Amino acid sequence: MEKHQLELIELAIKDTLHVIQKQEGGKLREGLQETPKRYAKAMAHWFSGYGADIADILKVFEDGADNYDQMVVVKDIPIYSHCEHHIAPIFGTATIAYIPNGKIVGLSKLSRLADAFARRLQVQERLTTQIADALQEHLEPLGVGVLIRARHMCMESRGICQQGHHTITTALHGVIKDEPETRAEFMSLAN
Ligand SMILES: [Zn+2]
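Quick notes on the rules
- Residues numbered from 1 in each chain as written.
- Predicted model: local features only at pLDDT ≥ 70, side-chain atom pairs only at ≥ 80, totals over all residues.
- Heavy atoms only, no water.
- Pairing = 2+ DSSP bridges.
- Helix = DSSP H or I, 4+ residues; strand = E, 2+ residues; numbered from the N terminus.
- Contact = heavy atoms within 4.5 Å.
- Axes fitted to C-alpha atoms, helices over the stretch in contact; angles between N-to-C directions.
- Buried < 20%, exposed > 50% of the residue type's maximum accessible area, 1.4 Å probe, protein only.
- Arc of directions from axis to C-beta.
- Patch = residues over 30% accessible without salt bridge, like charges linked within 9 Å, V, L, I, M, F, W, Y side chains within 5 Å.
- Areas by Shrake-Rupley, 256 points an atom, 1.4 Å probe, with all protein chains shown as cover.
- Salt bridge = Lys/Arg side-chain N within 4 Å of Asp/Glu carboxyl O.
- Lys, Arg positive; Asp, Glu negative; His and termini not counted.
- Charge placed at Lys NZ, Arg CZ, Asp CG, Glu CD.
- Donors = N, O, S within 2.8 Å, 3.2 Å for Na, K, Ca; no water.

## Points about the sheet that holds strand β1 (residues 72-83)
If you walk across this open sheet you meet the 5 strands as β3-β1-β2-β4-β5, and the pairing is mixed. Either end of the sheet is taken by a strand with one partner, and the two such strands are β3 (121-122) and β5 (167-173). As paired elements, strand β4 (residues 143-152) and β5 share 7 bridges and run antiparallel to each other. Opposite G145, over in β5, you have L172 as the bridge partner. Helix α4 (residues 108-118) rests against β1, β2 (89-99) and β3 of the sheet, and its axis sits at about 20° to β1. Each of β1, β2, β3, β4 and β5 touches helix α5 (residues 124-139); the most contacted strand, β4, lies at about 160° to it.

## Quick notes on helix α8 (residues 180-190)
Among the residues making up α8, those that are buried are T182, F186 and A190. The buried side chains of α8 occupy one side of the element, clustering within an arc of 70° when seen end-on. Opposite its buried face, α8 presents the exposed residues P180, E181 and S188, each directed more than 90 degrees away. Elements in contact with the buried residues of α8: β2, β4, β5 and α7 (174-178).

## Some words on a negative patch on the surface
Among the surface-exposed residues, D178, E179, E181 and E185 lie close enough to one another that they form a single negatively charged patch. Along the chain, the position of E179 falls in the loop between α7 and α8.

## Structural notes on unusual backbone geometry
Phi at K22 takes a positive value of approximately 55°, unusual for a residue other than glycine. Within the secondary structure layout, K22 lies in the loop between α1 (3-20) and α2 (35-46). The exposure class of K22 is exposed, given its relative accessible area of 79%. Even without being a glycine, I87 presents a positive backbone phi close to 50°. Within the fold, I87 resides in the loop between β1 and β2. For I87, a relative accessible area of 44% translates into the label partly exposed.

## Observations concerning the coordination of the zinc ion
Only C83 (SG), H86 (ND1) and C154 (SG) from the protein reach the zinc ion as donors, at distances of 2.1 to 2.3 Å. Each donor residue of the zinc ion lies on one chain, and together they are spaced C-x2-H-x67-C.

## What about the pairing of β2?
When β1 meets β2, the two strands line up antiparallel, connected through 9 bridges. Paired with V72 across the bridge in β2 is Y98. Here β1 hands over to β2 after 5 residues, with I87 in that stretch at a positive phi of 50°. Pairing of β2 with β4 involves 10 bridges; the strand directions are antiparallel. Residue pairing for β4: T95 is matched across the bridge by L147.

So this is what it looks like as structure tokens:
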């Protein structure tokens, strides 16, 4: 994020802090004085996914992939996102799996991919689909499976759903979607 963009957020947050404390404006109390600046910086991090180059993250290599046609699974990838309706945290874990068809990626790339989409304004359904679709597009694997378990602060804190409840979403492609046995294998690995 550019300096002037950070400053715009700072100004908006400063106003917001005045309003929520029922103040008319003026100087923020000491503990809050650096908050707009810090918040703008944090936002730049939380929403850095908009600048992510997905093709670069998913640069594939073909060496080492030959004859490997079993499921590659990375479990419990941390997810930190924000809902687009309230800008409230969504946090949980993702399980990402694919069955290579001659192309593989470094395993750390799967969590980078999840981050690239999580660090945007999201709904959990779209986040799940975007990760699965990106893998499908760039790796052209035999199958893809993505399962996200997440908690939504906007729902829990306002009593719309019970505290501690997880929302589960899945996005499946290829044989992981179409072959019952492969699908069951993914679901048991993910749960
Ligand atoms: Zn929300």
